[in-house]
Amino acid sequence: MSASRRIIRGVPDSAAIDASSHSAVLRRSFRKSFPPAVRGEGVYLWDARGKQYLDFSGSAAVNFIGHGVAEIAAAMASQAKQLEFVHSSQFTTPVVEEYAAELLEFAGKNFEGGCVYFTCGGSESVETALKLARQYQVEIGQTKRHQVISRGQSYHGSTLGALSVSGNRRRREIYLPMVREFAHVGFPYCYRCAFDCTDGCRSCGQEYAAELERAIEAANGEVAAFIVEPVSGATLGAVVPPPGYLQCVAEICRRHGVLLIADEVMTGMGRTGRNFAVDHWGVAPDILVTAKGLSSGYAPLGAVLVSKSVADAIVDGSGAFLHGFTYNSHPISLAAGRAVLTRLKEELLRAADSENRGSTAAILRLALEGLRDVQAVGDVRGIGLLWGVEFVADKATKRPFASELNFAGRVAQAAVNRGLLVYPMQGCVDGVSGDHLLVAPPAVITAEQIDWAAKQLREAIEEAATT
């Protein structure tokens, strides 16, 4: 075998390609090395060389129940032995019917009598929600409505439709000639708010909600939906909305006949300490999108939860949703999701409640708040088991680091060297400048592990600031 395709030997049940060698894989980056991961257990991952990593980011806020849970693998294997796949245009399956009913119950009263459309992930789910919003408006006779408004600093997925309603500048830039553009409105970001925040940000929340209403009115009856992350994901880094903002947004949408789509790909399935993040504010979306924690990474899976009124419009109208993916409602993925839901409800939801004194999330909050005295840390924000740490070159002025320094990337690499995985991002200030990282560990993380991780993160930030 040539040196360019070296195989690492001596790793049980693996044949890992050396990360420094040529790879046949079209990688996310050709400017960094990717260690071959071979095993996971609890909050830990191991590479082929035996190095241990604490997964402090939940593998991009995906893993909620921990790695290596045998019951999930067993549920998938059992389903695979019985039935691995049928096409949803020809059959339903017991697992899809049972899991959909359980998921609607988990979502609460707002989705009673509704339905679920299963996909293979978040981007597919957002695409589905956008098309569903358009078809709903057509079914009820609102054929002019096709625009979907979103927020300026947001991320809703990588497909062209999902990218069109995203506000992440770096991820959209080169694809803009291929994207259909609609309005992007402002977003509450209290650390860098453009309005008066002396009342706990309630006023600024109303200002940003009013901007949505103006955008709807300017579209002259063509808006079909507004899509929003209840708590921002990677693009802004766990920004929690100010009091009253989401409630006001929901009321504006109802008044103008615009569907409210809650993107809970990252925040759903217990991540914020509630079943879904909207539950913190009592908001009832028409469509809710979830993925990531839905299967906790054990299989590709996403879901679109549809309220009864939206579902009824399709049922009583044309009677068919004009949309489909080959692998939607894949039985093995659904078996994984159903087993994850059972484990989540039985053991882990309370651990993610940062308002519950002594919970895992409360311990995490205190540990991360302790980083505020680090010179390069400007803000620490979040909820449940989803937190962001924003870095600044100057605390007093909140001046960000120059984007070419890639400060967040430096912190992440220094953390990796210490065996700690975090999720670095840039662009939170204006789409280009502004560095932050996301912390979203599995709910099984212990107090001792949190303490160790916070110490390693502190050292990583301090090292990045001095190099």
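Residues numbered from 1 in each chain as written. Predicted model: local features only at pLDDT ≥ 70, side-chain atom pairs only at ≥ 80, totals over all residues. Heavy atoms only, no water.

1. Topic: unusual backbone geometry
Thought 1: In this structure, Asn-220 is a non-glycine residue whose phi angle is positive, near 55°.
Thought 2: Inspection of the secondary structure puts Asn-220 in the loop between helix H7 (202-218) and strand E7 (223-228).
Thought 3: Since its relative accessible area comes to 57%, Asn-220 is described here as exposed.
Thought 4: Positioned with a positive phi, Met-269 is a non-glycine residue whose angle comes to about 60°.
Thought 5: Relative to the helices and strands, Met-269 is located in the loop between strand E8 (259-264) and strand E9 (287-290).
Thought 6: What makes Met-269 buried here is its relative accessible area of 1%. (Helix = DSSP H or I, 4+ residues; strand = E, 2+ residues; numbered from the N terminus. Buried < 20%, exposed > 50% of the residue type's maximum accessible area, 1.4 Å probe, protein only.)

2. Remarks on the packing of aromatic side chains
Thought 1: Summed over the entire model, instances satisfying the criterion amount to 8 aromatic pairs.
Thought 2: Centroid distance Phe-106 to Phe-276: 5.7 Å. Interplanar angle 70°. Geometry classified as edge-to-face. Separated by 170 residues along the polypeptide, Phe-106 in helix H3 (residues 94-107) and Phe-276 in the loop between E8 and E9 bring together distant segments of the chain.
Thought 3: When the ring of Tyr-117 is compared with that of Phe-321, the centres are 5.7 Å apart and the planes differ by 85°; the resulting orientation is edge-to-face. Placement of Tyr-117 in strand E4 (residues 115-119) and of Phe-321 in the loop between helix H9 (308-316) and helix H10 (331-348) is noted, with a sequence separation of 204 residues between them.
Thought 4: Residue class for Tyr-117 comes out buried when judged on its relative accessible area of 15%.
Thought 5: In this structure Phe-321 comes out as partly exposed when scored by relative accessible area, which is 22%.
Thought 6: Feature note: the residues Phe-391, Phe-401 and Phe-407 constitute an aromatic cluster, connected by ring pairs.
Thought 7: Lying over the aromatic face of Trp-46, Arg-39 brings its terminal NZ or CZ to 3.9 Å of the ring centre.
Thought 8: In this structure, Arg-171 is placed above the aromatic ring of Tyr-155, and the distance from its NZ or CZ to the ring centre is 4.4 Å. (Phe/Tyr/Trp six-rings, centres within 6.5 Å; stacked < 30°, edge-to-face > 60°. Lys NZ or Arg CZ within 6 Å of the ring centre and 35° of its normal.)

3. With respect to the pattern of salt bridges
Thought 1: Overall, the coordinates contain 21 salt bridges when judged by the stated rule.
Thought 2: For Arg-338, the salt bridge is made with Glu-98, and the minimal N-O distance between the two is 2.6 Å. With Arg-338 in helix H10 and Glu-98 in helix H3, this residue pair connects regions lying 240 residues apart in the sequence.
Thought 3: Overall, the relative accessible area of 37% leaves Glu-98 in the partly exposed class.
Thought 4: Arg-418 is the partner of Glu-463 in a salt bridge, and the nearest nitrogen-oxygen pair spans 2.7 Å. Of this pair, Glu-463 sits in helix H13 (residues 447-466) while Arg-418 sits in the loop between helix H12 (407-417) and strand E13 (420-421), and the two are 45 residues apart along the sequence. (Salt bridge = Lys/Arg side-chain N within 4 Å of Asp/Glu carboxyl O.)

4. Focus: the packing of helix H4 (residues 122-139) against H9
Angle between the axes and distance between the axes are the two parameters that describe a pair of packed helices.
Thought 1: At a minimum axis distance of 9 Å, the contact between H4 and H9 shows a crossing angle of 65°. Crossing hand, H4 versus H9: left-handed. Here Leu-132, Gln-135, Tyr-136 and Glu-139 of H4 come into contact with H9, specifically with Ser-309, Val-310, Ala-313 and Ile-314.
Thought 2: Its residues placed into classes, the contact of H4 with H9 shows 5 nonpolar, 2 polar and 1 charged. (Axes fitted to C-alpha atoms, helices over the stretch in contact; angles between N-to-C directions. Left-handed = near helix turned anticlockwise from the far one by under 90°. Contact = heavy atoms within 4.5 Å. Nonpolar A, V, L, I, M, F, W, Y, C, P; charged D, E, K, R; others polar.)

5. Focus: the packing of helix H11 (residues 360-369) against H13
Thought 1: Contact geometry of H11 with H13 gives a least axis separation of 10 Å together with a crossing angle of 20°. It follows that H11 is roughly parallel to H13 by the angle criterion. Seen from above, H11 lies across H13 with right-handed handedness. On H13, the residues that touch Thr-360, Ile-363, Leu-364, Ala-367 and Leu-368 of H11 are Ala-447, Ile-450, Ala-454 and Leu-457. (Parallel < 35°, antiparallel > 145°, perpendicular 65-115°, else oblique.)

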